[in-house]
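Chain by chain, the residues run as shown.
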Amino acid sequence: MNNAITILIDGLTYASWLFIVALGLTLVFGVLKILNIAHGSFYALGAYAAASFVGWVSVLKVSPPLTVLLMLVTLFLAALAVAALVAPLTERGLLRFFYGRDEVLLVLVTYAMFLILEDVTKLIWGANPYYVSEPYAMFGNVEIGTQVYVGYDFMLVGLAVVTGIAVWWGLNRTRLGKLVLVLIHNEEVASSMGINVSRVYMLTFTVGIFLAAMGGAFTAPMISVQPGVSVGVIIVSFAVVIIGGLGSIEGAAIGALIVGLARSFAVHMVPSAELFSIYIVMAVVLVFRPEGLFQRIQTRKI
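Residues numbered from 1 in each chain as written. Predicted model: local features only at pLDDT ≥ 70, side-chain atom pairs only at ≥ 80, totals over all residues. Heavy atoms only, no water.

(A) Seen up close, the overall build of the protein. Counting its secondary structure elements, the protein contains 12 helices and 4 strands. Against the globule reference of 19 Å for 302 residues, the protein gives a C-alpha radius of gyration of 19 Å, in line with a compact fold. In terms of principal-axis extent, the alpha carbons of the protein reach across some 60 × 45 × 35 Å. When each of the 302 residues of the protein is scored for burial, the buried share is 47%. Accessible area of the protein: about 14900 Å², with a carbon and sulfur share of 69%. The average position of the 15 basic charges and that of the 14 acidic charges among the side chains of the protein differ by 12 Å. (Helix = DSSP H or I, 4+ residues; strand = E, 2+ residues; numbered from the N terminus. Rg over C-alpha atoms; globule rule 2.2 N^0.38 Å. Buried < 20%, exposed > 50% of the residue type's maximum accessible area, 1.4 Å probe, protein only. Areas by Shrake-Rupley, 256 points an atom, 1.4 Å probe, with all protein chains shown as cover. Lys, Arg positive; Asp, Glu negative; His and termini not counted. Charge placed at Lys NZ, Arg CZ, Asp CG, Glu CD.)

Here you go:
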């Protein structure tokens, strides 16, 4: 029973931050039709920004309850700063010139962005690892049965749930979200209805970068922030959206859960299979559902 609880909690923790990152990736693909290879670099920028912001805030002397709130706000602001600075430069300065081109070209462009941003992070933060332990230690421990778990992990699960609900509500219950859904289904119809397609592209890409950076910022206290952290993230994120179905929020959630639990099971029960567990699951899903579990029905143009 203890092993089952441990596998479940570790799987949910891993799936929570992965869902936040994959949600941004699938949202950008759903609207802009871009397989963004640079998405992992935005995750890394969020992690590095969080490391810097937490370092500046940690010197402040405030009461313990305010310290916890201040750290959470700091991580959130780190992700917001990355989105506000990087999104306009990337979308307006580069990607907009390639809209409507071949998908392979867009993949190559985002791959070039990935390589550039890898060097940018090294130029700004150097090659030495950063450790952001302050937020991770502030949530204490939680006892479940005979096992003790870190409270920060449960906060991260709650953050993923809130983020998923917020994005779903924004898309399905707000006027702007419904405009985005129209654009997802048919760009030509959206443009003919007077929707400012360029503005929606910019907003969606900014939200996608923010989600990637937020995933990095809130994961930074759990990992060593160092060069190369973006590579593994983008590979696993693509696995999630492929399993769930490109462009599907529900698919990103289910895909993240499947990947998280599969990895956790492998780590605790078959450690030698940890590196392959995600890809085995992805291969099995694609055998039966090549389009993913929740792939939206595509309209056929005549």
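Resuming the write-up.
(B) Here's a closer look at the environment of I165. The topology assignment puts I165 in helix 6 (residues 151-173). Considering only alpha carbons, one finds I165 and I249, 84 residues apart in sequence, at a separation of 10.0 Å.

(C) Fine view of unusual backbone geometry. Of note in this structure, K33 is not a glycine but carries a positive phi near 60 degrees. Structurally, K33 is set in the loop between helix 1 (2-32) and helix 2 (39-57). Taking relative accessible area as the criterion, K33 reaches 39% and is therefore assigned partly exposed.

(D) Local environment of the pattern of salt bridges. Counting across every chain of the model gives 3 salt bridges. Here E91 makes a salt bridge to R92, at a shortest N to O gap of 3.6 Å. R92 sits in the partly exposed class, given a relative accessible area of 28%. A salt bridge links R289 to E291; the shortest N-O distance between them is 3.2 Å. We classify R289 as partly exposed; its relative accessible area is 33%. You can call E291 partly exposed: its relative accessible area is 35%. (Salt bridge = Lys/Arg side-chain N within 4 Å of Asp/Glu carboxyl O.)

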